[in-house]
Amino acid sequence: MAKVFDQITEELQNLIAAQAMFFVATAPLSPSGHVNMSPKGLNSFRILSPHQVAYLDLTGSGNETSAHLQENGRITFMFCTFQEPPCILRLYGQGRAILPNSPEWNDLYTQFVPIPGARQIIIADISRVQTSCGLGVPLFEYQAQRQSLVMWAEKKGEQGLKEYHQLKNFVSVDGLPTPLSQQKLD
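What comes next concerns the included structure.

Criteria and thresholds
- Residues numbered from 1 in each chain as written.
- Predicted model: local features only at pLDDT ≥ 70, side-chain atom pairs only at ≥ 80, totals over all residues.
- Heavy atoms only, no water.
- Phe/Tyr/Trp six-rings, centres within 6.5 Å; stacked < 30°, edge-to-face > 60°.
- Helix = DSSP H or I, 4+ residues; strand = E, 2+ residues; numbered from the N terminus.
- Buried < 20%, exposed > 50% of the residue type's maximum accessible area, 1.4 Å probe, protein only.
- Arc of directions from axis to C-beta.
- Contact = heavy atoms within 4.5 Å.
- Pairing = 2+ DSSP bridges.
- Core = buried A, V, L, I, M, F, W, Y, C linked by side-chain atoms within 4.5 Å.
- Expected span 1.5 Å × (residues − 1).
- Bend = angle between axes of the 7 residues up to and from the residue.
- 1 Å grid on protein atoms, 1.4 Å probe; cavity = no way out; pocket = protein on both sides within 12 Å on 5 of 7 lines; lining within 4 Å.
- Points joined across faces, edges and corners; volume = space filled by probe spheres on them.
- Nonpolar A, V, L, I, M, F, W, Y, C, P; charged D, E, K, R; others polar.

1. Looking at the packing of aromatic side chains
Phase 1 of the analysis: In total, this model carries 10 aromatic pairs according to the counting rule given.
Phase 2 of the analysis: Measuring from centroid to centroid gives 6.1 Å for Tyr55 and Phe77, while their planes differ by 85 degrees, and the two rings are edge-to-face. Taken together, the residues span a long stretch of sequence, with Tyr55 in strand β5 (residues 52–58) and Phe77 in strand β6 (residues 74–80) at a distance of 22 residues. Phe77 shares its class with Tyr55; the two are buried.
Phase 3 of the analysis: By way of ring pairs, the aromatic residues Phe22, Phe45, Tyr55, Phe77 and Phe79 are connected into one cluster.

Listed below in structure tokens is the structure:
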């Protein structure tokens with residue numbers, strides 16, 4: 001049974017804190033555009049208030065979330081419990097990307113443990129909070145966070161990451177520009 005809440009309650013905040021991963025979904029306005037859903041981990045999600053959340057977004061092979069948010073702002077976060085009791089939690093809202101050169105960056109960045117390869121912070125104002133049963137989600141045992149992305153970013157270094165962003169993170173698969181494409185390159 002689905003249940004809707006008017007905010008992220010303390011109980012739901014505890015559910016979120018207990019999850020080692022979450023999913024982020026966005027889509028362009030174009031009906032022929034690609035819907036994007038990405039898994040995230042590495043303790044990168046923060047609840048800023050009962051109506052606002054953020055996550056530290058790391059360099060990846062694409063930058064769909066940022067492009068979609070710049071175009072239309074729509075974002076959905078999903079958390080699944082992989083242990084008992086079963087539950088799926090979705091947070092619906094409007095989001096935007098905060099880049100390292102933004103005046104908001106320093107205050108928001110202090111909410112996170114620094115992770116090599118951080119390219120932006122995604123912040124979202126949440127307008128709908130909904131749970132559903134999760135009875136079809138399998139049981140899994142958590143082992144650990146992968147460190148592969150962190151090690152890759154450390155090896156690339158700051159200049160290598162900037163070059164990678166320019167090559168892979170400036171435009172979405174549907175040709176939408178990302179906020180990264182509009183910042184000055186050194």
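2. Side note on helix α1 (residues 10–17)
Phase 1 of the analysis: For α1, every residue scored as buried is listed here: Leu12, Leu15 and Ile16. Across the axial projection of α1, the buried residues extend over an arc of 100 degrees, all falling on one side. Opposite the buried face of α1, by more than 90 degrees, sit the exposed residues Glu10, Glu11 and Ala17.
Phase 2 of the analysis: The inward-facing, buried residues of α1 abut β1 (3–5), β4 (45–49), β6, β7 (88–98) and β8 (118–132).

3. Re the pairing of β4
Phase 1 of the analysis: Both β4 and β5 contribute to a ladder of four bridges, which runs antiparallel. Paired with Ser49 across the strands is Gln52, a residue of β5.
Phase 2 of the analysis: Hairpin geometry of β4 and β5 is characterised by an intervening segment of two residues between the two adjacent antiparallel strands.

4. Focus: the nonpolar core
Side chains that are nonpolar tend, in soluble globular proteins, to be buried together.
Phase 1 of the analysis: The biggest cluster of nonpolar side chains holds 21 residues, and the ones touching the most others in it are Phe45, Phe77, Phe79 and Leu91.
Phase 2 of the analysis: Breaking this core down by element, the ones donating at least two residues are α1, β2 (22–26), β5, β6, β7 and β8.
Phase 3 of the analysis: In contact with Phe77, other than residues within four places in its own chain, are Phe22, Phe23, Val24, Phe45, Val53, Tyr55, Leu89, Arg90, Leu91, Ala124 and Ile126.
Phase 4 of the analysis: In terms of nonpolar packing, the next biggest core, distinct from the first, is built from 12 residues, Ala54, Leu58, Ile98 and Val150 among them.

5. Re helix α4 (residues 148–168)
Phase 1 of the analysis: Here α4 spans only 18 Å end to end across 21 residues, well under the 30 Å set by a 1.5 Å rise per residue.
Phase 2 of the analysis: At Gly157, α4 shows its largest kink, close to 105 degrees.
Phase 3 of the analysis: Taken together, the buried positions of α4 are Val150, Ala153, Gly160, Leu161, Tyr164 and His165.
Phase 4 of the analysis: Where α4 is buried, its residues contact β8.

6. Observations regarding the layout of surface pockets
Phase 1 of the analysis: Taken as a whole, the largest pocket holds about 900 Å³ of empty space.
Phase 2 of the analysis: Taken together, 34 residues make up the lining of the largest pocket; nearest its centre are Met21, Pro39, Lys40, Gly41 and Gln145.
Phase 3 of the analysis: For the lining of the largest pocket, the elements supplying multiple residues, two or more each, are β3 (36–40), β5, α2 (64–71) and α4.
Phase 4 of the analysis: Per-class residue counts for the lining of the largest pocket are 13 nonpolar, 15 polar and six charged.

7. Some details on the pairing of β3
Phase 1 of the analysis: Side chains of β3 alternate between two faces, with Asn36, Ser38 and Lys40 buried and Met37 and Pro39 left unburied.
Phase 2 of the analysis: Bridge analysis of β2 against β3 gives five bridges, and the strand direction is antiparallel. Paired with Phe22 across the bridge in β3 is Lys40.

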